[in-house]
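# Residue-level structure breakdown
Here is how the chains run, residue by residue.
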Amino acid sequence: MPRFSSRNFDQDEIGVEPMMEVLLEAGDLLYFPRGFIHQAESPPGAASLHLTVSHGYRNSWIDLLKAAFDAAVDEAAARDVRLRYS
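This text gives an overview of the structure that appears in the document. (Residues numbered from 1 in each chain as written. Predicted model: local features only at pLDDT ≥ 70, side-chain atom pairs only at ≥ 80, totals over all residues. Heavy atoms only, no water.)

Let's shift gears to the overall build of the chain. Helix and strand counts for the chain come out as two helices and zero strands. The C-alpha atoms of the chain give 22 Å as radius of gyration, which overshoots the globular expectation for 86 residues (12 Å, by more than 25%). With the principal axes as the frame, the chain shows a C-alpha extent of 65 × 30 × 20 Å. By residue count, 2% of the 86 residues in the chain fall in the buried class. For the chain, the share of sequence-separated contacts (at least 6 apart) that also reach a separation of at least 24 residues comes to 52%. Charge centroids of the chain, computed over 8 positive and 13 negative side chains, lie 19 Å from each other. (Helix = DSSP H or I, 4+ residues; strand = E, 2+ residues; numbered from the N terminus. Rg over C-alpha atoms; globule rule 2.2 N^0.38 Å. Buried < 20%, exposed > 50% of the residue type's maximum accessible area, 1.4 Å probe, protein only. Contact = heavy atoms within 4.5 Å. Lys, Arg positive; Asp, Glu negative; His and termini not counted. Charge placed at Lys NZ, Arg CZ, Asp CG, Glu CD.)

A separate point is the pattern of salt bridges. Enumeration according to the criterion identifies three salt bridges in this entry. For E13, the salt bridge identified is with R7, shortest N-O distance 2.6 Å. The exposure class assigned to R7 is partly exposed, which follows from its relative accessible area of 49%. Two residues, R82 and D80, come together in a salt bridge whose shortest N-O distance is 2.7 Å. According to the relative accessible area criterion, D80 is partly exposed, its value standing at 21%. (Salt bridge = Lys/Arg side-chain N within 4 Å of Asp/Glu carboxyl O.)

In structure tokens:
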């Protein structure tokens, strides 16, 4: 799974026809699973808000381990001055 947001892709970069086209009405909500490439556009003359809410980025086991090891190294360096010598 991706760990960081991707940039916006042009349709020719995606290279496939859309799987579905959906017209949402006021108050509708559409859910996409993590990593699902999607595009949004408004019908001509219509105003729209495309809001992405994500909670899965940088929330994996490797991110937890990196944070824990960084904290452990900082703590060890604070307690033992010999670890700070060149």
